[in-house]
Amino acid sequence: MAKKVWAKNQMIHQAGDRIQTLDILLKGSVKMQVGSKVVMLSAGTIIGLAGLPGECFVHSYQAEEDCVTFEYPYQTLEDIEKLLHVNMKIAPMLTSQTVSNAVSIYQAGLRLLRDCREEYQAVMDDLKGYAMLCAKAGVQAQDFSYVRQIAPPPDEANVPHWQIGFFDTIGRYDGTLRGDIYMLGAEVCTGFTMFAAEYTRILERSQKEILDYLEGFHRQTTGFRMAVTALKAKISAVASGVRVDSMPSMQDSMNRILFFADLPKEEADAWKNMMKVYKSYKDRSDGSDEMRALRRKIANAFYPLYKRIFLKTIDAFDIPPEVRMFLYFGYLDEDICGEDVTRQLYGFMMAYQPDPKDHVVTMYEWLKKIYKMEVDPSRNEFDLDYIAYLRDARQNGEIDASEEMRLKDDPEGRLDFEIKNLFTLGNRMTFGRITSFFPVFDSCNVLLPLDKAYCSQQRIYEELDRIRSLDFQCFYRPESYVDRINPALRLDVHHERLPYIILFPNVGTRGVLYQEIEGKKRNSPARMLVSMFHTENLEDTFTRICGEFRWEMCKTEQGVHWN
């Protein structure tokens, strides 16, 4: 036993130190550090009471002012009882302060947990907006998908509720208890103190879990948080007029895109002349016959150009940014987009990452799947799939049997079929305004700020999750499992087949269910079409097309019994 004097700011016990003594704070105040929170301990506190002998301090204790403590050895729990019996005169004060400290430590833990949850939510919110930040800053997005896998912190402290209510109550009636109950003797003080010590021990274990979680969370998210901070600083600098390295010059984009396509001179000149005439109109949304004819002429030339550029990119080592913008958004000319819109499109292009789940794809990615024979082409306007179309062409004498066999596995034949049908029809349907349809990106069609209209993977998955929360069976398909050894053993199982969401290179107003299954395969994903920049309410759009999907699947499954 010994009296000790501590100078202001001197560390009395550091978190991680071994608990070997019980220290009664006789004079002054001590700062107990609970993570980023502070609990002030007054005279009458028994420091070390919450731990077991030989364990380590969970929190640090630092003298807030000049302090005096009296130290007792702490080897077993009975030492707490001895301390109270030896100090019978001040035992009621020690018990009262122990209960009061327990309440304060609980409240500090609540604040710590609240801050922990807020920090977790802030990072998750930044993760949702990360693609948009990259787009605004015009930088390539990094893969931070691992951040989404981090488990959230607990919802509440791992402490029995009845103990919380009990100690809150006796803390409020401290004056009554100190005058009438704690004065009954050392045995009563020991009971309340031991109970409060056990409660505080549970609190500190719970807080240790939160602190360990925070340490791991900070370590795992350091790279992401630094990237977000840098992006926000860059965006802020641009908004303040400070020059930062970002988008390269997009002047003469059309000539560079046409050069990449390696068009014959006559076709390249025709494109230049058409766009020159188009740009000469003051009102490019004009509905005159002359303007509609020009838009139709450009649209007819658009898809052969898209196909030619697409085939060039298959084996290209590096695709220029303006070419990628053409493939993703239909971008062709910086003059009809304007500098601000062009910069935004460049940002979206740089930030774009393929969907790791492979359900949300751009038109360019979808055509690559068709060309590489990963999926079959979509049906045409007569509801014929690619194989049925070839068979129909052979029966009509348009091709012979050998040509039919060749085209079945011909990548370019499949590509032509998909461009002629899904791309050409879907582009017009998702655009929404049939009479003014124009496949080249033009700022006059931007009816909503691009960052609000952009159909990011995150937004689309949120809508799919919302639909599934209302109708969890929406995308499930019944299948039969037959045991190979015992064919009589048959089980009906259901598998979820999320649809393909194909993003079309336009600013549009409609979502379309193009087909509910692939060919005749009832366990294949549906194909839904949405504009890359959707200017209508996305929730309403997905509610409608998923309702249509339910209707069509019902017809498909009922077959001849539908009527």
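Residues numbered from 1 in each chain as written. Predicted model: local features only at pLDDT ≥ 70, side-chain atom pairs only at ≥ 80, totals over all residues. Heavy atoms only, no water.

Draft legend 1. Highlighting the packing of helix α8 (residues 253-261) against helix α9 (residues 265-280). At their nearest, the axes of α8 and α9 sit 11 Å apart, and the two run at 155 degrees to each other. In terms of orientation, α8 and α9 fall into the roughly antiparallel class. Taken as a pair, α8 and α9 cross one another with a handedness that is right-handed. Contacts from Met 254, Asn 255 and Leu 258 in α8 reach Ala 268, Trp 271, Lys 272 and Met 275 in α9. Here the contact of α8 with α9 is composed, by residue class, of five nonpolar, one polar and one charged. (Axes fitted to C-alpha atoms, helices over the stretch in contact; angles between N-to-C directions. Helix = DSSP H or I, 4+ residues; strand = E, 2+ residues; numbered from the N terminus. Parallel < 35°, antiparallel > 145°, perpendicular 65-115°, else oblique. Left-handed = near helix turned anticlockwise from the far one by under 90°. Contact = heavy atoms within 4.5 Å. Nonpolar A, V, L, I, M, F, W, Y, C, P; charged D, E, K, R; others polar.)

Draft legend 2. View of unusual backbone geometry. For Asp 358, which is not glycine, the phi dihedral falls at a positive 65 degrees. As for its placement among the helices and strands, Asp 358 is situated in the loop between α13 (339-351) and β9 (360-362). Of note in this structure, Asp 383 is not a glycine but carries a positive phi near 65 degrees. Mapped onto the fold, Asp 383 is located in the loop between α14 (363-371) and α15 (386-395). The exposed category is assigned to Asp 383, whose relative accessible area is 53%. (Buried < 20%, exposed > 50% of the residue type's maximum accessible area, 1.4 Å probe, protein only.)

Draft legend 3. Representation of the packing of aromatic side chains within the structure. A full pass over the atoms with the stated rule returns 38 aromatic pairs. For the ring pair Phe 167 and Tyr 199, a centre distance of 4.4 Å and an interplane angle of 5 degrees mean the geometry is stacked. With Phe 167 in helix α5 (residues 161-172) and Tyr 199 in helix α7 (residues 186-239), this pair connects stretches of sequence that are 32 residues apart. With respect to burial, Phe 167 and Tyr 199 carry one shared label: buried. Arranged with centres 6.0 Å apart and planes meeting at 75 degrees, the rings of Tyr 328 and Phe 329 form a pair that is edge-to-face. (Phe/Tyr/Trp six-rings, centres within 6.5 Å; stacked < 30°, edge-to-face > 60°.)

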